[in-house]
Each structure stands twice: as structure tokens, then as C-alpha cells.
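# Commentary on secondary and tertiary structure
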Amino acid sequence: MRFVADLHIHSKYSRACSRDCDLEHLTWWARRKGISLVGTGDFTHPAWYDHLTENLVEASPGLFRLRADLDRDIDRRLPPSLATTPVRFMLSVEISTIYKRGDRTRKVHHLVYMPDLQSAARFNARLAKIGNIGSDGRPILGLDSRDLLEITLECGGYLVPAHVWTPWFAVLGSKSGFDAIDDCYVDLASHIFAVETGLSSDPAMNWRVSGLDKYRLVSNSDAHSPPALGREATVFDTDLDYYSVRRALETGDGFAGSLEFFPEEGKYHVDGHRKCGVRMEPRETLAHNGICPECRKPLTVGVLSRVEELADRESGSPPAAAAGFTSLVPLPEIVGEIVGTGPKSKKVQTEIDRLTSALGPELVILQDVPVDDIAAHSTLLGEAVARLRRGEVVRDSGYDGEYGVIRVFEPGELERRRSAFSLFDYAAPVKSTVERPRPVAVEPVTPAPVAPVVVTGSLLDGLDPEQRAAAEVDGGPLLIIAGPGTGKTRTLTHRIADLVTSRGVPASECLAITFTRRAAEEMAERLAVLTPGVRDLTIATFHSLGVLILREHHSSVGLSASFGVADPDRQVEVALSVVADAKEARALVVSGDERYKKALRALDLVDFEDLISLPLALLEDSPDLVAAYRSRWRWVSVDEYQDVDEQQYRLLRLLTPPDGNLTAIGDPDQAIYRFRGADVGFFLRFREDFPAARTVHLTRNYRSSAAVVTGALEVIAPSSLVPGRELRPMVDHGSAPIGVHHASSEAAEAAFVARTIEQVLGGASFHAFDSGRVASDGTQGLGFSDFAVLCRTDRQSRALVDALTQSGLPFQKRSHDRLADRPGVARIANDLKYASGDTVLERVRAVAGDDHTAYELLKPLAATCDTDFERFHTALALGVEVDTWDPRADRISLLTLHASKGLEFPVVFIVGCADGLLPMRWPGTDDEEAVDEERRLLFVGMTRAQRHLYLSHTTGRPRSPFLNALKAYDQIGDAQPRRKRKGTQLSLL
DNA sequence: GTGACGTGCTTTTTT
DNA sequence: AGCACGTCAC
């Protein structure tokens, strides 16, 4: 038999879908449309799966129908003309996979079909291990598409790539897809036999790509509400059972083509800019080099361009084996055009009620009912359907998220005809349709030749005026107050590079000091690029500088030339040789007790503290030594100067005379290490210490959106250490306001984070894509590594770990690693960084017992590696390729606020914005300085965000007082009032 | 194995 | 402060 199938729909459990998406409504609407086979959608969702098992019964092999009692109810609510269509359901689900392949983030949607409930249950169980299938009817999994296909096949189902041309979510999509189906499913690609063309393309477009010839081109509605059912559909001429349908798709035998939208109606058919009113055909876009002639930004490229890109034939005839297709305009749209209202209006619904009870289902009216019979009800509709069947429609292509418009009548024609004929039984008011900006016609232009980039002038040409002013300062003390995201490292490296390459300063006289290895490595790398061939720069951390000085003068402090540095474990070990008790030993270490230090020296060891204090003592005792180092390093720079502690400061003062060439760079409002001895006071008194000092402010922020910059400034203002603090946003990162969320519990707060990430990555951004918002909010094309979740204490991360794990979102804790706390493994983790791979592997095997356990033990450790060097060694130890398993590749970062310093992310969440946590308070202390530092901590956290910043807090603690300074933000959702537990009373005080 | 009790407590780099 | 964790006794 010949029947119409719509095998891509969603249930009420999918985001942005109507609450009416249940089996009864779907059945009712399928009958009205004339669709015999409907996908269940969402069978992976536990609640929907239960709904399916309770309300469906098997009707034919592999297909289901509504339970008899429910079916009868629907019969009663439909006119006899519609009761004849049988409605069968096939188990279907759309799955979104997000993963990294070939250095690009891939987001691909797939349709999966199963022949029976047992197979579906098996499939669900497999997926549940990989991700959270309960959070949405369209689950998002961090899974390679090929692996999803493998699971599907193993469970007995088949897979059809969904709406293959959609830019952001499809196998052939321009943004996150592939250039060929085979590239996506690799070795299993031969198991793909059909592809869904989607609303924005029709088979004729697909015929231009010969690589698609071997696939059946199916169409479905992707309905988010029952009335959208069958707006596109597939036609079969075979038995109405699962196996016949599958066979028809596999072989083409029994496959009778598809019912299509006019592709011009799709929202991303051609290219353009909605805001600028610019719409272009692909070749016009090419002629403009993809740039909008109005705003000079890249145009949003549509499906037609993507097809053009992959096409290897001119448009024209279908390939030999291809089935045909029929282009339709949904009946409600045609009737809406005639009566002058939208397609969903009550008027249209009533009219279609009348038409369908007289003439049969909508699809039958559009395709098969004789025009004269239709004209008997409405002359205009008869004329409209006749034109539609001849393909005589007016097409206004969609672009940049704007729906295209397909009209049957010419402008003004309806008005003329209305005066002559009565329309249906009532007179239609002529309502002016809402005007939207007409696209500007753009003449194709010849692409201008691209001017070659000419390298001239000084290294400093690439700096902005403030950066340049700082970099250009010749000699003498220089203080650079560099706000977040203002190009601190860039300024410093350019300054040093310019001194060495253009101003005759010997590289050997330059010393740059940082606090962390990471910062030192970054500076070294960037200087290597700016000063090719220069080798004598000294770039050191304070501690490595200490080692350098001690190696040169070891005998003065009673060490051998090959003295060692004790790590914390060794420190305790040494202290234990002096006292018996572990607790006491730790106290010795902390206090730097003389007995402990003596024992260290006896072993030819120093500890980290000694690396500063011993060189300091050496220099304080020896003016000669001071003079020697001052003449050796005439040019000294210190990064993050607000973080120096007293000893480091004293050492620095000895290394540089008061009028010396010392450049200190930093931001006192980012001083967050007071607890470990840092004193921002040294930064603040730089001009007293170095009276000749010049000061330069860097205020141009190249990192964050205006909303983030403004909010961060408001938060820091009450206690800013930079008088008249300025920070100016320089890049357009969209206009998303800062989001503030109040959750009912820590778990709910974590769930909010996970949910929001899912939404931005896939689920709701699909919705956003539907409504054309993606391009403007800048969240397209994000991967997991573009998200960071920041918290005050490590303990808060627990709820986040749980929620992210639950949702199947890959993440990485960048600071503490719990595994590393285990003795033995901690040692190995350390060895991973410095020992050879072979040694490491041996030692891990010894601890783990077998290779598999060793691998499992090492895998999470690798996530803590900070540098490529470490990752290389870790990979070496595991005997695997770095690129194929590197877990840092694409993960959400879970960080403390402290650890976030110096980093940046497109999307940042700061959880626990509550009084008591931020600022952190604990009893007995009431330190105003400490509160100010907590405020700076929030400032640091907020300024990590590039585009989106979310601040959240939970019921139970008052909201952080720091947020009171925020003038504008978006309150997102809100907590349900917390239920009082029985027997507990909420205190009023 | 488990209940009672006591203790200690943020943030973190440095070879 | 409250909470998590360790230790001891049973």
C-alpha cells in the first residue's frame, strides 16, 4: 500500500516542544494530515519510554498503534472522512553527538530507529552509561557518531543522519560537520542507507552531490508540536511494517519519494545578514568574499552555499535510481494567505476543520482531491491548489534565520479577487501583513585582490597606543598597571623584544621574572617568536632564579654544587628524622624550625622557602654580590608584581637600584594571594620605592563583552586599589547581560550549570537556531573547553562534579586532583612530570598490578598535566599517541577562582556567590582586608568571561553583598521556596 | 561494621 | 559555624 510517513518528531519531553506532544494528540493530528506512520520520537527518555510501553500495542511487525480504548476516543473526535487513515508508530529518537575529531568540534544529529521495545531498552541502557538520557528527549552525548552507529547496529536498529545540511548540527553542516557522510561514520559508513534532507533542502539540491546518490533521500517534519506533523514527509509503497520500511530505505524498492517544503522557505536557504537587510545568492556571496557590504562582517552562509560547495554537478536531472518528490505548501499557510491571518489562527483552524471533514486529510487535499471539488468550497483555494500543483508559487528565500515566504498569489491579486468572489462563508478583513525590512539588492562586484601583508616598521606597530606607550619607555623604573584582558604579557614581551632587537640592549642583560612555570613558559615561547635567534634572555620564576643564584654560590651556604630541592613529602620525611610525631614534623616544616633546617642541610637539601631566603641572605650580606648581579642584569621585569611577598620584594630591591631599569607589571585589583604572604602594598608604593618611576595604565580590554566589563568594574569599584579605575571593552562579544541565578540547593545550582551548558552547546541552541538567535548571541561553534565553572573552595566542586557526570558532560578539575592525593599515585604523578616514560610505566605497573589498572589510574592524572611537555611524558608512559586520547582536548574546566587567574573562557559560571562563601567568612575573624581580597577574587573570576557570565547562589545563605553593586543583570529562573522539613523551624533571626 | 567522639578547617606556587 | 573525616571502642 502507498502511505505517508513522518519519522522525525519530538515528544513533550524535548526542549522547546509543545506540551501537546503526546500519543493521543499526535494520533489525532496524523489522521487529520493523512499520515499513516509516525515516529514516536524520544524513546530514550525514561518518562516517554514508559508512556510508550503503557499506551502502544504492537500492530504489525515492528510497528505500534495506540491502545484500542484510546484509539476509539480519537475516532469519536474525528469526522468520518478522517477515520480511515490507520496510524502506526515506529520507535524513533534523535540523538545529538558532540565530540572533537580532527581538531574540530563536531555536532551531529542522528535519527535512530528500533524494531521493538526490548531493543530500545537495550539501546537506552547502553546510552545511559555514556550520558544523561533523562534530561531531554533529544539526548546530547559526548560520543563519536561512528560509535553511536555501532551501538545502534549492535542493538538491532538503523540510523539515518538528520537534516544533513543544517549548519550547526548536521553531518554535512558547514559549521561542525563533515564534507562526506563516510568521513563521519568511517568504517561503519556502509550501514547508512538513507539521509534526511531537512527543511532547507530538497532532493533536487541533493542530486547535485554525487556522493549522495547511493542514499534514499527522506524527509520528515522534525515537528515540535502536533500541528507541524507532516510538513515534510516520506512516501512509501510497501507493507506497513518496520521491516518493509527498512528494506525500502535500504534497497529503494518500495520507496516512493518525499513531500517537501519549497527549500526557499527554510530559514537558512540563501546567505545574508538579517540586521543589515542584505540577502545574497551563493555566487553573489562569493563575489563579495563572504563579507557583508553593509557592516563588513562575514555573512551568514546558508544551505544553498554549502550545497554549492560540495556539489560536483550542475543542477538538473535526478540520478538514475532517484525517487521523485513533491513540493508542497502546508494547507494552513495557504488558507492563512487567503483569509489574511497567520497559519495558526483560529479562523484557519476552523476552515480546515470544514475542509477536511468534507474532502479528507490535508495532504490528500493538497495532492489528490480534484481542483473542482476544492473550488466548490472555495474558488480561491481551488485556484491556489491548482497553482501549487503546477509549481507556480512566489518564492521569497529565507536567510540568516529569517523564514522564507512562499505565496500562491501575487501581491495585490487577492485584494482584487476578494472584491469579485466571496471568500468561504465570511468576508476576510484585509489585514496588512507586518512589514519586514526588504533585502537590499546587491550588485555582484569583482573581488578586489587581497593586499599582501607588508612587514615594516618596528615590533611595536602591532600594539595599541597604551601598550605602545608602555613598551616604548626607555630606561628607568616603569610601573604598568594592566587591567584584565589588556594585553599584559603582549606588552611586556614586545617591550623586551624591542629593547633587544632595536634598542641595542644585550639579551644577556635582560631578566624576566614570573611566579609560575606556566607564565615563564608562555613568555619564553612568545619571546622566541618575537626575537628569533636570540638565546641569552633569562626568563625565570622567582624560585628558579633562586636555584640559579644558589648554584653559583652554593658553597657560601654550605651546599654542594648538586644540592637537591625537597618536595613537601620529603620535607616531612626529613622533619620526622628530628621528631617522631608526624603532626609535630609538619609543624616544624611550617615554622622553618632550626632542627629541621639543619637536618635538611645535612642531606644537601633545600626547601622551596630556602630558594628565596638563602639567596636573599647571601645578597644582604655581600654588597659585592649585589653589584655583580646588578651589572649582569641591567634590565629586569617582574610579572604580576601585586603578588610579591616580602622576601621576594627584598630580593628584587637588591637586584635593582632605585633608578634601575625595572619594569613591574600587574594589577593591584587582582591581588588574591595575601594568604600566602603576598602583599599588594609593595605594588602600591612602587613610586615611593622608585621615585623616578613612570606609570602607564593599560585600560583597553580585548577579552570581554561590554556587559562583563561593566559588571566587573561595578563589583570592584567599592574597594578598587586603582584610583579612577578604567576598563574599556574593545571587542564585540555580543550583548548578553550577566546572568544571575538563584537555586534552591547546591545540587540545583550545579544542575543549572549543567543544563545551561547543554542548552548553549546543543539542545536549546537548536531552538535558538530555529529562531535565528544563534548568530547574534555568539554561542555557535563552542566546544566543551570553552566553558569554565569557577568556585571559591574545592569542596563546592563536588556538586558540580556530580551534575556534570550525570549529564555526561566531559570536564576536568584543573587544580586539585583527588587521585593525586593518594600516596603512591601522587608520587607517580610527580614522576610523570620529570622522569622518563619507561620508569613511570614500570612504577605505575608496580602499584597497579596490571596494565589495565595502570591505565585507568593514569588517565585522570593526565588531565592534571599543565604543559605539553607533561602530556608528552604521560602519553609516553602509557604508550599511546598524544593526540588520540589527550583528555584536555575538549573539556569543561572546573576551577577555583584562584586557579582561574590568567585564563579566559567564552562562557564562565561562578557558583556560590553567597555571603559567607564569597566573601568567605569563618568565625573569629573579622578582617576588612580579607573581605576586600574576596571582592578582588570575584573581580578576577568575572573578568575571565569573554561572552557569557553567570553568577549563581543558593537558598540558605544570603546573596553575596558584592552583587549588590551590579546595576544590570538578567535574573534567570528562580528557586522554588525551599520546603520546610517536618519538625524544623526556620529561624527569623 | 558502625556509632560516638574529636579534630581541623579556604585559596596554592615553587626544582 | 557547621561539616567531613579520622580514630577508637565495641
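Residues numbered from 1 in each chain as written. Chains lettered and ligands numbered in written order. Predicted model: local features only at pLDDT ≥ 70, side-chain atom pairs only at ≥ 80, totals over all residues. Heavy atoms only, no water.

By the secondary structure assignment, Gly131 is in the loop between helix H4 (117-130) and strand S7 (140-141). Each C-alpha atom of the pair Gly131 and Gly142 lies 7.3 Å from the other, and the pair is 11 residues apart in sequence. Those residues in contact with Gly131, other than ones at most four positions away along the chain, are Leu141, Gln806 and Gly808. (Helix = DSSP H or I, 4+ residues; strand = E, 2+ residues; numbered from the N terminus. Contact = heavy atoms within 4.5 Å.)

This paragraph deals with the sheet that holds strand S29 (residues 787-791). Strand pairing in a sheet is mediated by backbone hydrogen bonds. Such pairs are either parallel or antiparallel. Strand order in the open sheet formed by 7 strands is S30-S31-S29-S32-S33-S28-S34, and the pairing between neighbours is parallel. At either margin of the open sheet sits one strand with a lone partner, and together these are strand S30 (811-813) and strand S34 (970-972). On average, each strand axis in the sheet is inclined to that of its neighbour by 25 degrees, with strand direction left out of account. Across 4 bridges, the pairing between S29 and strand S31 (residues 892-896) is parallel. In the sheet register, Cys791 faces S31, and the bridge partner there is Thr896. In this fold helix H30 (residues 746-761) packs onto strand S28 (739-743), S29, S31, strand S32 (905-910), strand S33 (945-954) and S34, with an angle of close to 155 degrees to the strand it touches most, S33. (Pairing = 2+ DSSP bridges. Axes fitted to C-alpha atoms, helices over the stretch in contact; angles between N-to-C directions.)

Taken as a whole and judged by the stated rule, the model has 20 aromatic pairs. A cation over an aromatic ring shows up here: Arg106 above the ring of Phe178, its NZ or CZ 4.2 Å from the ring centre. (Phe/Tyr/Trp six-rings, centres within 6.5 Å; stacked < 30°, edge-to-face > 60°. Lys NZ or Arg CZ within 6 Å of the ring centre and 35° of its normal.)

Following Leu918, the chain continues to Pro919 via a peptide bond in cis, the omega torsion being 10 degrees. The topology assignment puts Pro919 in the loop between S32 and helix H40 (928-942). Of note in this structure, Asn289 is not a glycine but carries a positive phi near 55 degrees. You will see that Glu640, though not glycine, has its phi angle at about 50 degrees, which is positive. Its place among the elements puts Glu640 in the loop between strand S23 (635-638) and helix H26 (646-655).

Attention shifts here to the packing of H4 against helix H5 (residues 145-154). Contact geometry of H4 with H5 gives a least axis separation of 9 Å together with a crossing angle of 150 degrees. Taken together, the axes of H4 and H5 are roughly antiparallel relative to one another. Note that H4 runs across H5; the crossing there is right-handed. Along the contact surface, H4 presents Phe123, Arg126, Leu127 and Ile130, while H5 presents Leu148, Ile151, Thr152 and Glu154. Considering only residue class, the contact of H4 with H5 consists of 5 nonpolar, 1 polar and 2 charged. (Parallel < 35°, antiparallel > 145°, perpendicular 65-115°, else oblique. Left-handed = near helix turned anticlockwise from the far one by under 90°. Nonpolar A, V, L, I, M, F, W, Y, C, P; charged D, E, K, R; others polar.)

Let us now look at the protein's contact with DNA strand B. Close contacts around DNA strand B come from 22 residues, with Arg517, Arg792, Asp794, Thr896 and Trp922 the closest. Here a phosphate oxygen of DNA strand B sits 2.2 Å away from a polar atom, N or O, in the main chain of Arg517. With respect to DNA strand B, the side chain of Thr896 contributes an N or O atom lying 2.3 Å from a phosphate oxygen. At 3 residues, helix H20 (residues 542-552) tops the list of elements feeding residues into the surface near DNA strand B. Here the surface near DNA strand B is composed, by residue class, of 8 nonpolar, 8 polar and 6 charged. (Near = heavy atom within 4 Å. Polar contact = N/O pair within 3.5 Å; in protein donor to acceptor, adjacent residues only side chain to side chain.)

Moving on, we get to the pattern of salt bridges. For the structure on display, the rule yields 53 salt bridges. Taking the shortest distance from any N to any O, the salt bridge between Asp144 and Arg101 comes out at 3.0 Å. Here Asp144 is found in the loop between S7 and H5, whereas its partner Arg101 is found in strand S5 (residues 88-101), with 43 residues between them in sequence. For Arg503, the salt bridge identified is with Asp474, shortest N-O distance 3.2 Å. On the criterion of sequence distance, the pair formed by Arg503 in the loop between helix H18 (488-502) and strand S19 (510-514) and Asp474 in the loop between helix H17 (465-472) and strand S18 (478-482) is long-range, its members being 29 residues apart. Looking at Arg503, the relative accessible area reads 25%, which means it is partly exposed. Ionic contacts of the salt-bridge type, sharing partners, join the residues Lys488, Asp639, Glu640, Asp643 and Lys901 into one network. (Salt bridge = Lys/Arg side-chain N within 4 Å of Asp/Glu carboxyl O. Buried < 20%, exposed > 50% of the residue type's maximum accessible area, 1.4 Å probe, protein only.)

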